[in-house]
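Structure at a glance
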Amino acid sequence: VVVLAPSSLLFNWKKEFMTWLGLEDKDINVIKKGKQVPKGKITIASYDYAQKRLDKIKEYLGVRGVLIVDEAHNMKNSKSKRTEAIISIAHAAKRAIIMSGTPFLNKPIEIWPLLYAINPLHEEWNDYSKFAIKFCEGKIIKINKKRIFSVQGASQIEEFHDLIRNEVMVRRLKTDDGVLDQLP
């Protein structure tokens, strides 16, 4: 198992694994420096480490590993090196669990990298442009004699929400029974 999270949450993940799964300190490897390598039953690392040591994480995961990405809304920019690295790792893992309390803040296009990381073959999001045209009012516009592909809008929102609820999203609210009791 590899957990990728913001640096500030790495040791919290370790504490939660030890609390909930009864694992020992030796079972969990928290990577604090770029020279360290994944080892043990569980490796917990930052997004920056994932970007810099992509090859080491993929090697550790092999074809049977599970990737957990916490605070995944940090992947909303599909063109960033961080997001590209995490997507590459997710595609190499046997299973990918992408978690966020805020999957997209402003526009549906912000959730595309998360969906693509989970299942790059899904017919609704296997192609960035088709996804953008269908759910983000994707279109070519002219700005100062340049043509750009704009994905600033939102369209077919009800269909989009139904799709992600049925296919990939599990949502728990603080008001749901037992949720507040389980939060750290």
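In short, a report on the structure. In this text the structure is predicted, and so the values were computed from the model without any measurement. (Residues numbered from 1 in each chain as written. Predicted model: local features only at pLDDT ≥ 70, side-chain atom pairs only at ≥ 80, totals over all residues. Heavy atoms only, no water.)

The number of helices and strands found in the protein is eight helices and seven strands. Taken along the three principal axes of its C-alpha coordinates, the protein extends 60 × 40 × 30 Å. Excluding contacts between residues fewer than 6 apart, the proportion of contacts in the protein whose partners are at least 24 apart in sequence is 51%. Element-wise, carbon and sulfur atoms account for 51% of the exposed surface of the protein, whose accessible area totals about 11,400 Å². (Helix = DSSP H or I, 4+ residues; strand = E, 2+ residues; numbered from the N terminus. Contact = heavy atoms within 4.5 Å. Areas by Shrake-Rupley, 256 points an atom, 1.4 Å probe, with all protein chains shown as cover.)

So, on to unusual backbone geometry. For Glu137, which is not glycine, the phi torsion reads 50 degrees and is therefore positive. As for its placement among the helices and strands, Glu137 is situated in the loop between α6 (128-135) and β6 (139-143). Even without being glycine, Lys145 reaches a positive phi, approximately 70 degrees. Along the chain, the position of Lys145 falls in the loop between β6 and β7 (146-150).

Before going further, it helps to examine the pairing of strand β5 (residues 95-98). Remember that side chains alternate between the two faces of the sheet whenever the strand is regular. Across four bridges, the pairing between strand β4 (residues 66-69) and β5 is parallel. Looking at the pairing, Val66 lines up with Arg95 of β5. (Pairing = 2+ DSSP bridges.)

This part takes up the packing of α6 against helix α7 (residues 157-167). Axis separation between α6 and α7 bottoms out at 9 Å; the angle between their running directions is 130 degrees. With respect to each other, α6 and α7 are oriented oblique. Along the contact surface, α6 presents Phe131, Lys134 and Phe135, while α7 presents Glu159, Phe160 and Leu163. (Axes fitted to C-alpha atoms, helices over the stretch in contact; angles between N-to-C directions. Parallel < 35°, antiparallel > 145°, perpendicular 65-115°, else oblique.)

With that settled, consider the nonpolar core. If you look at the biggest cluster of nonpolar residues, it comprises 34 residues, and the most contacted ones within it are Leu4, Ile57, Leu67, Val69, Met75 and Phe131. Beyond its immediate stretch of four places on either side in the chain, Ile57 contacts Val2, Leu4, Pro38, Tyr49, Ala50 and Ile89. Formed by 11 residues, the second largest nonpolar core is a distinct cluster that contains Leu10, Trp13, Phe17 and Ile44. (Core = buried A, V, L, I, M, F, W, Y, C linked by side-chain atoms within 4.5 Å. Buried < 20%, exposed > 50% of the residue type's maximum accessible area, 1.4 Å probe, protein only.)

Here Tyr49 is to be found in helix α2 (residues 47-52). When its relative accessible area of 5% is taken as the criterion, Tyr49 is described as buried. Linking Tyr49 and Ile111, residues 62 residues apart in sequence, is a C-alpha distance of 22 Å. Every residue in contact with Tyr49, bar those within four places of it in the chain, is listed here: Ile31, Lys33, Gly34, Gln36, Val37, Pro38, Leu54, Lys56 and Ile57.

Interpretation in functional terms is not warranted from these geometric data alone.
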